[in-house]
Amino acid sequence: TPSATPVKIPTTRREKALAEVKRVFESNSKLDIPVKYILSADAPSNFVSMMQEVIPVSARFWSDVYKPSGEFPIIVGTPGSVNWVNQELAKYGQGLGTWTMNMIRSQGRMASRGNVEMDENGAVTFYVIGEETEKSVPNNIRMMRGFVSHEYVHSVATSIFDHRQEGIPGWSVEGSANFYGYAITSLMMDDPESSLERVNRDNLRRPYYESGGLVPHSLTPQQLHSALVLSEKGGGGDGTTCAEPKILCYSAGYLLTEILVADHGHKKFVDWWKGSKKKNWEEVFEDVYGIHIDQWYEEVAVPYILEESKKAVPE
């Protein structure tokens, strides 16, 4: 008689959050969405193949929240065809913008840029992938899958809010895309728990190596609390802590979402987002989770972020 396979009981927040993501994925059915792949003549083939595997997985997870019925365009090019990408986006009333164009040019062969924009018919996604990034796809499959799934979460957000990033704090715009993107695609790996652990470590270590990056536990609890409040405004540059170069919305935002999913489940997270379309997100947060956002920062979020940051970047 074959012996029973032991079932591991999740104990850490990361394990609990991943178990919840797996539960939601398995409870949902496959969803065939009307993807229109718009590829440049020099489109990165490794990236495109990987992307076509990830989109159905992401679509299934979000199928009870987001069912795109019209055309779902995804534009893919390289730095060499970036003007073509811009022209294709223009057909949907969008464009790359000066900051993104300059970033792609500065990254060159290492470029790895993606985003979701909104037109009157729905979301349009673009990716610009450099030659070295394209070559790295097979060996960097964990991060690249998460990158594609991250952008799909932005599509979900635009379907709820009719906008790329209005209605929720900056840390939820990017941090939720980071958490869900990597948690969902970790289910595609042989060892999902180890995969998600590695991704979180890399996310937290990234600002340690980059000029101007912000390692969360370099701050006191009070300073981190203030930085999170500042990150709510979104954006980047000197005005906030959210995007490049400090990227707190990506690093700490991931952990904030992980806490919410682990402690309260996926449904309440979606309830928070949906409720925030018509009412201030802070009020809805308290309605859904039963605690004021500043109290949650102080008592729950800040201690967890500091603990995880110290483990990931001990130096």
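Everything here concerns the structure above.
If you're wondering where the values come from, they're calculated on a predicted model, not measured in any experiment. (Residues numbered from 1 in each chain as written. Predicted model: local features only at pLDDT ≥ 70, side-chain atom pairs only at ≥ 80, totals over all residues. Heavy atoms only, no water.)

J.: Just give me the short version of the sheet that holds strand β4 (residues 122-129), but keep the residues and values in it.
T.: Overall, mixed pairing links the 4 strands, which are arranged β1-β2-β4-β3 in an open sheet. Each edge of the sheet is formed by a strand with only one pairing partner; in this case those strands are β1 (35-39) and β3 (112-119). Pairwise comparison of adjacent strand axes, ignoring direction, gives a mean angle of 20° for this sheet. Each of β2 (72-77), β3 and β4 is contacted by helix α6 (residues 141-161), which is oriented at about 15° to β3, the strand it contacts most. (Pairing = 2+ DSSP bridges. Helix = DSSP H or I, 4+ residues; strand = E, 2+ residues; numbered from the N terminus. Axes fitted to C-alpha atoms, helices over the stretch in contact; angles between N-to-C directions. Contact = heavy atoms within 4.5 Å.)

J.: With reference to specific residues and values, describe the pairing of β2.
T.: Counting buried residues along β2, 6 of its 6 residues qualify, which places the element largely inside the surrounding structure. Burial along β2 is two-sided: F72, I74 and V76 facing one way and P73, I75 and G77 facing the other are all buried. Across 5 bridges, β1 lies against β2 in parallel orientation. Note on β2: the bridge partner recorded for K36 is P73. Pairing between β2 and β4: 4 bridges, direction parallel. Across the sheet, I74 pairs through a bridge with T125, a residue of β4. (Buried < 20%, exposed > 50% of the residue type's maximum accessible area, 1.4 Å probe, protein only.)

J.: Lay out the side chain of H266 with the relevant residues and their values.
T.: When you line up the elements, H266 lands in helix α11 (residues 266-275). When its relative accessible area of 4% is taken as the criterion, H266 is described as buried. Within the local environment of H266, its side chain forms a polar contact with the side chain of Y180, the two groups lying 2.8 Å apart. Aside from chain neighbours lying at most four places away, what touches H266 is E20, V24, F61, W62 and Y180. (Polar contact = N/O pair within 3.5 Å; in protein donor to acceptor, adjacent residues only side chain to side chain.)

J.: I'd like a rundown of the state of the cysteines, residues and numbers included.
T.: On inspection of all chains with the given rule, the structure shows 1 disulfide. Here C242 engages in a disulfide with C249; their sulfurs sit 2.0 Å apart. Its S-S torsion of approximately -120° makes the covalent link between C242 and C249 left-handed. The same class applies to C242 and to C249, which are both buried. (Disulfide = S-S within 2.5 Å.)

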